[in-house]
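# A look at the structure
Spelled out from the first residue to the last, the chains are:
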Amino acid sequence: MTRAPAVTFTSALVLLATAVNCGIGDTETGERQPDPGTNVLPEAGPTDALADAGATDARADAAPSGPSCSSAGWCATSLPDADLTLKSIWSLEGRAFATAEGATVGVKVLEWTDAEGKWQYIDDNSQNQTGLARYVSNVWAPSENELYYAVAKGTIVHGTRPSSDKAWTWTSHPLEDHSPVRQRYYAPDGPPEAVSGALYPTLGVWGTGADDVYAWYTNTIYHWKSEGSAAPSWMPEYTADDVSSDTEELFALGMTGANRDDLWFSFVRTNMAYYQGSCPVIVRKTPAGYERISDGRVEGTRCTEALPGFSRMGSVRGWLTSLQTLGVGQVAGIQGGRELVKISAAGDGYSVATSRILSLDPVNDFDSSPGASDFFTSLYRAPDGRLWMGGMGIWQLHSSTGGSGMVVSADDVWSAGGSYTVSTLSLTGAPLEGSGFKIHGTSNTNLWLAGARHALHKTNP
């Protein structure tokens, strides 16, 4: 395990000011935010009430006003509706796809092209007409003419088109719910009520290519494949259900992989009783099958039976999210919103290295009071190895304004010479207000940051 490297700044602003100028999950106004480490719940996130189908007069011009780019090269783009919250984004060369929620339009899927310089809706609206659209999760696209997105309740939607100038065709495929706690305690038709504080859905889709696609839902990993002459379907391949009590549950949070023979999955083991804690569970799939390489179990204030580096446990310690492959046998993720974690295969075992992201208080323990560090929920690894993270200052989690965005890049942070650098988002000198920011790209010169009311594109080095 290594100590966090020094912070490097590219502007004269101090960290506190930069964090304000430069987002993460939505916040509740005027209420105490439930602990995200103990409220990991399926298909998390409140949904906006849909307006009448004809209520288009509520839609406002979403064109950005004022300066269009920050000093670091993050440039605002126009959204079709001003009230959209972009929930995920996936980049390709010259193109990007995003999922979004809006009070007037419901759940939508958007496409951007560099050639046209604008976002357009591309879905057929069936997700809003069939009762699926209580919440939308991530989008993943193997090519410009094929994409998948995940939408509540437990459904993967698949879109294809013959070419980029043709219309999309959409099909929906429901996933089975294997969560015993969910079935026992919550209504079968929707997510639990107490989900306002949960920051990550336990529903998503990702793949290594068009012919190798996975999904996760509650406690199960699914693989899109066929057996014999049967048509392809979402077949469950791995279910985590070894709970020790009626209130304990395991939930899947995400996946990544270097190729189809080296896949990594992140789960969380949590106690549904309030403030009982949570611990990370890491699963790897190789040609030999699925292997649980770390299994944290809550005991007092620690996670036992976990790899070194996962032993401490606090309010959000159990969350290892936004997994990114670093190459065969290595994976990185954001732990508890405040720490970068690298897991490496080493012979017959595994090692863990951690690095705290832009800590304001490097002396105190990881789980110090709000204000001790920033809070990040999204990670992207560029081809040259640079890591990019989107988030905001954790002291703003209780803010009624929803906070403001922040982007940080990291270079070789697990060595003594590594550094973190703030990438300024401010377009006017004031904070970039918004929340829920997710980051993705294809390189350091093709990066997207998407969140509430914003989609920013960075094309300079």
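Residues numbered from 1 in each chain as written. Predicted model: local features only at pLDDT ≥ 70, side-chain atom pairs only at ≥ 80, totals over all residues. Heavy atoms only, no water.

## Comments concerning the overall build of the protein
Applicable threshold: Only DSSP runs of H or I reaching four residues or more are called helices, and only runs of E reaching two or more are called strands; each is numbered from the N terminus. The buried label applies to any residue whose accessible area, calculated with a 1.4 Å probe on protein chains only, is under 20% of its type's maximum; exposed applies above 50%, and partly exposed to all values in between. To be clear on the numbers: accessible area is Shrake-Rupley with a 1.4 Å probe, and residue cover counts the displayed protein chains and nothing else.
Along its length, the protein carries 3 helices and 31 strands. Counting the 461 residues in the protein, one finds 58% classified as buried. Carbon together with sulfur atoms contributes 50% to the accessible area of the protein, which is approximately 17700 Å² in total.

## Some details on the nonpolar core
Keep this limit in mind: Among the buried residues, those of types Ala, Val, Leu, Ile, Met, Phe, Trp, Tyr and Cys that are joined through side-chain atoms within 4.5 Å form a nonpolar core. For this analysis, residues touch if any pair of their heavy atoms sits within 4.5 Å.
Membership of the largest hydrophobic core comes to 43 residues, with the highest contact counts inside it found for L147, Y149, W234 and F267. If we ignore the near neighbours within four places in the chain, the residues touching W234 are Y148, I156, H173, L175, V205, V213, Y214, A215, Y222, H223 and W224. One finds A332, M389, V413 and W414 within the second-largest nonpolar core, a separate group that totals 18 residues.

## Side note on the pattern of salt bridges
For the record, the criterion: A side-chain nitrogen of Lys or Arg and a carboxyl oxygen of Asp or Glu constitute a salt bridge if their distance falls within 4 Å.
The final tally for this structure, using the stated rule, is 17 salt bridges. A salt bridge links R260 to D212, with the shortest nitrogen-to-oxygen separation between them at 3.9 Å. Taken together, the residues R260 in the loop between β15 (248-259) and β16 (262-271) and D212 in strand β12 (residues 212-217) connect sequence positions 48 residues apart. Judged by relative accessible area, R260 falls into the partly exposed class, the value being 40%. Classification of D212 by relative accessible area gives buried; the value is 2%. Through salt bridges with shared partners, one network takes in D242, E248, R269, R292, D295 and R297.

## Focus: the sheet that holds strand β30 (residues 446-451)
Stated precisely, the cut-off is as follows: We treat two strands as partners when DSSP finds at least two bridges between them. Between N-to-C directions, angles cover 0 to 180 degrees, with each direction set by a line fitted to C-alpha atoms, over the stretch in contact for helices.
Reading across the sheet, the 4 strands line up as β2-β31-β30-β29 and stay open at both edges, with antiparallel pairing between neighbours. Either end of the sheet is taken by a strand with one partner, and the two such strands are β2 (74-76) and β29 (438-443). Looking at each pair of strands side by side, their axes are set apart by 25 degrees on average, direction ignored. In the sheet, β30 pairs with strand β31 (residues 454-458) via 5 bridges, with the strands oriented antiparallel. From the neighbouring strand, L449 faces β31, where its bridge partner is L456.

## Looking at unusual backbone geometry
Here A152 and K153 are connected by a cis peptide whose omega angle stands at 10 degrees. Inspection of the secondary structure puts K153 in the loop between β8 (146-151) and β9 (155-160). Despite not being glycine, S322 shows a phi value in the positive range, around 55 degrees. Topologically, S322 is positioned in strand β21 (residues 320-327). Despite not being glycine, D412 shows a phi value in the positive range, around 50 degrees. Looking at the element boundaries, D412 is found in the loop between β27 (406-411) and β28 (419-423).

## Here's the deal with the environment of L447
Position of L447 among the secondary structure elements: in strand β30. As for L447 and W90, which are separated by 357 residues in sequence, their C-alpha atoms are 9.8 Å apart. The residues touching L447, leaving out its near neighbours within four places in the chain, are W74, Y380, W388, H440, G441, L456, H457 and K458.

## Quick look at the sheet that holds strand β11 (residues 203-209)
The 4 strands lie next to each other as β11-β12-β13-β14, forming an open sheet whose pairing is antiparallel. Unpaired on one side and paired on the other, β11 and β14 (233-239) mark the two borders of the sheet. Strand-to-strand, the axes of this sheet are offset by a mean angle of 25 degrees, without reference to chain direction. Alignment of β11 against β12, held across 6 bridges, turns out to be antiparallel. Note that in β12 the partner of V205 across the bridge is A215.

## Focus: the packing of aromatic side chains
Worth spelling out the cut-off: Geometry of aromatic contacts follows a simple scheme: Phe, Tyr and Trp rings, the Trp one being its six-membered ring, pair when their centres are within 6.5 Å, and the pair is stacked under 30 degrees between planes, edge-to-face over 60, tilted otherwise.
This structure, assessed with the given rule, holds 16 aromatic pairs. Between the aromatic rings of W119 and W448, the centroid separation amounts to 5.2 Å while the plane-to-plane angle is 70 degrees, which identifies the pairing as edge-to-face. Placement of W119 in strand β6 (residues 118-121) and of W448 in strand β30 is noted, with a sequence separation of 329 residues between them. Residue W119 is classed as buried on the basis of its relative accessible area, which comes to 5%. Looking at W448, the relative accessible area reads 0%, which means it is buried. Summarising the aromatic geometry, the rings of Y148 and W234 are spaced 6.4 Å apart at their centres and angled 75 degrees between planes, so their arrangement reads as edge-to-face. Placement of Y148 in strand β8 and of W234 in strand β14 is noted, with a sequence separation of 86 residues between them. For the pair Y148 and W234, a shared accessibility class is recorded, and that class is buried. One aromatic cluster is present, formed by W90, W140, Y148, W224 and W234 through successive ring pairs.

## Quick look at the environment of V328
Structurally, the position occupied by V328 is in the loop between β21 and β22 (330-335). With 66 residues separating them along the chain, V328 and D262 place their C-alpha atoms 6.4 Å apart. When neighbours within four sequence positions are excluded, V328 is seen to be in contact with A258, N259 and D262.

## Section: the environment of M255
Following the sequence through the fold, M255 ends up in strand β15. On the basis of relative accessibility, which here comes to 5%, the residue M255 falls in the buried class. As a C-alpha pair, M255 and V205 span 50 residues in sequence and 8.6 Å in three-dimensional space. Look past the residues within four positions of M255 in its chain and what remains in contact with it is W206, Y214, W216, L263, W264, F265 and L323.

## Things to note about the state of the cysteines
Note the cut-off: The disulfide criterion used throughout: a pair of cysteine sulfur atoms within 2.5 Å.
The tally for this structure, following the rule as stated, stands at 1 disulfide. For C69, the disulfide goes to C75, at an S-S distance of 2.0 Å. One disulfide, between C69 and C75, carries an S-S torsion of 105 degrees and so falls in the right-handed class.

## A short note on the confidence of the model for the protein
Detailed reading of the predicted model is not advised wherever pLDDT is low. For clarity, the threshold we go by: Confidence scores per residue from the predictor, reported as pLDDT, run from 0 to 100.
Mean pLDDT over the protein stands at 77; residues scoring 70 or higher make up 71%. For the stretch residues 1-61, pLDDT sits under 50, and the model shows 198 contacts to residues farther than four places along the chain or on other chains. For the stretch residues 183-198, pLDDT sits under 50, and the model shows 36 contacts to residues farther than four places along the chain or on other chains.

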